[in-house]
Amino acid sequence: MTQVAARVGLVLDISGSMLNLYKNGTVQEVVERILAVACKFDDDAVLDVWVYDNEYSRLPSATEKDFENYVLNHIMNNRHIHKFGRNNEPPVMEDVIRKYTVEEDSALPVFIIFINDGGVVKQIKKVITESAVQPIFWQFVGIGNSDFEVLKRLDSMEGRIVDNANFFHVKDIAAVSDETLYSQLLNEFPLWLKEAKNKRIIRP
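What you see is a predicted model, and the numbers here were worked out from it, not measured in a lab. (Residues numbered from 1 in each chain as written. Predicted model: local features only at pLDDT ≥ 70, side-chain atom pairs only at ≥ 80, totals over all residues. Heavy atoms only, no water.)

Visitor: Even after reading the chapter, I still don't get the side chain of Asp95, so can you show me in this structure?
Guide: Considering the arrangement of structural elements, one finds Asp95 in helix H4 (residues 89-103). What makes Asp95 buried here is its relative accessible area of 4%. Within the structure, Asp95 has its side chain in polar contact with the side chain of Trp50 (distance 2.8 Å). Only 2.7 Å separates the side chain of Asp95 from the side chain of Arg58, close enough to count as a polar contact. (Helix = DSSP H or I, 4+ residues; strand = E, 2+ residues; numbered from the N terminus. Buried < 20%, exposed > 50% of the residue type's maximum accessible area, 1.4 Å probe, protein only. Polar contact = N/O pair within 3.5 Å; in protein donor to acceptor, adjacent residues only side chain to side chain.)

See below:
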């Protein structure tokens, strides 16, 4: 993976059940650890960030220069974004697709890390299936104690040209070592890269 170039995005659940994880610093830690992936893959070392509940917002990108207090400055103290409502994933997923395939079309693949604490709507299956022809890989990460019933079945979803999504669950992301976290995050991404190149989903 050391030679891989990719754009990296982070989508953060900000529904009501996530409130404590924002307050106790867990989400800030997530931003910092995912930024390390972006610094490795992205030439500009930029992490694109979204938050969503029943609405969604694109946030300023996180970089090595301004990641400290990112959650406090750009989320918790941001009066212009909707937060701590109910969850609805498809609209933010469609905005991710729009950004990378319409607004900023590029030959580079896209690695999206999607943080959720459970209860995704079933309609995400349609978005994932339809986006299989796009150079976007969805890495879902479940945090907390929910059962993640829908996300656990991502690998068995049919009707896709390639398997473009993966899921793993960690109850306490702060307790997971960097080695374990990055190993799980990057488990299926290289397999998708190879298959997507073979199917010409990723342009040469």
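Visitor: Looking at this model, I keep getting lost on the pairing of strand S3 (residues 56-63). Mind explaining?
Guide: Sheet faces and side chains relate simply in a regular strand, where the side chains alternate between the two faces. Pairing of strand S2 (residues 46-52) with S3, which is carried by six bridges, proceeds in the antiparallel orientation. Counted as the bridge partner of Val46 is Thr63 from S3. In textbook terms, the turn of a hairpin is the stretch between consecutive antiparallel strands, and for S2 and S3 this stretch comprises three residues. (Pairing = 2+ DSSP bridges.)

Visitor: Where do I start with the packing of aromatic side chains in this structure?
Guide: The relation between two aromatic rings is expressed through the spacing of the ring centres and the mutual angle of the planes. Under the defined criterion, the tally for this structure stands at 12 aromatic pairs. On the numbers, 5.4 Å between centres and 55° between planes, the contact of Tyr52 with Phe114 is tilted. With Tyr52 in strand S2 and Phe114 in strand S4 (residues 110-116), this pair connects stretches of sequence that are 62 residues apart. The burial state of Tyr52 is the same as that of Phe114; both residues are buried. Here Phe111 and Phe137 contribute two aromatic rings whose centre-to-centre distance is 6.2 Å and whose plane-to-plane angle is 25°, an arrangement assigned as stacked. Remark: Phe137 occurs in strand S5 (residues 136-143) and Phe111 occurs in strand S4; sequence separation between them is 26 residues. On the basis of relative accessible area, Phe137 is assigned to the buried category, the value being 0%. One aromatic cluster is present, formed by Phe41, Phe111, Phe137, Phe189 and Trp192 through successive ring pairs. (Phe/Tyr/Trp six-rings, centres within 6.5 Å; stacked < 30°, edge-to-face > 60°.)

Visitor: I would appreciate a short explanation of the pattern of salt bridges in the present structure.
Guide: Note on pairing: side chains with opposite charge can pair once their charged atoms come close. Taken as a whole and judged by the stated rule, the model has 11 salt bridges. Arg98 is paired through a salt bridge with Asp95; the nearest N and O atoms lie 2.9 Å apart. Taken together, the residues Arg98 and Asp95, both in helix H4 and three residues apart, mark about one turn of the helix. A relative accessible area of 35% means that Arg98 is categorised as partly exposed. Where Arg153 meets Glu149, a salt bridge forms, and the shortest distance between an N and an O atom there is 3.3 Å. (Salt bridge = Lys/Arg side-chain N within 4 Å of Asp/Glu carboxyl O.)

Visitor: Looking at this structure, I do not really get the sheet that holds S3. What am I missing?
Guide: Across a sheet, paired strands are connected by hydrogen bonds in the backbone, their directions being either parallel or antiparallel. Within the open sheet, the six strands sit side by side as S3-S2-S1-S4-S5-S6. Their pairing is mixed. The open sheet has two free edges, formed respectively by S3 and strand S6 (165-170), since each of these has just one partner strand. Averaged over all pairs of adjacent strands, the angle between strand axes in this sheet comes to 20°, irrespective of strand direction. Pairing analysis gives six bridges linking S5 to S6, with the strands arranged parallel. Bridged to Ile143 within S6 is Val170. Set on the sheet, helix H2 (residues 26-41) makes contact with strand S1 (7-13), S2, S3 and S4; between it and S1 the angle comes to about 165°. (Axes fitted to C-alpha atoms, helices over the stretch in contact; angles between N-to-C directions. Contact = heavy atoms within 4.5 Å.)

Visitor: So what exactly am I meant to see when it comes to the environment of Ile201 here?
Guide: Mapped onto the fold, Ile201 is located in the segment after helix H8 (189-198). Setting aside residues up to four positions removed in sequence, Ile201 forms contacts with Ala132, Val133, Gln134, Pro135, Ile161, Val162 and Ala196.

Visitor: Please clarify how the packing of H2 against helix H7 (residues 178-185) should be interpreted in this entry.
Guide: Direction vectors running N to C along H2 and H7 enclose 60°, while the axes themselves pass 12 Å from each other. As far as their axial angle goes, H7 and H2 are oblique. As H2 packs across H7, the resulting crossing turns out to be right-handed. Counting all contacts with H2, which are made through Arg33, Ile34, Ala36 and Val37, the residues of H7 involved are Asp178, Leu181, Tyr182 and Leu185. Its residues placed into classes, the contact of H2 with H7 shows six nonpolar, no polar and two charged. (Parallel < 35°, antiparallel > 145°, perpendicular 65-115°, else oblique. Left-handed = near helix turned anticlockwise from the far one by under 90°. Nonpolar A, V, L, I, M, F, W, Y, C, P; charged D, E, K, R; others polar.)

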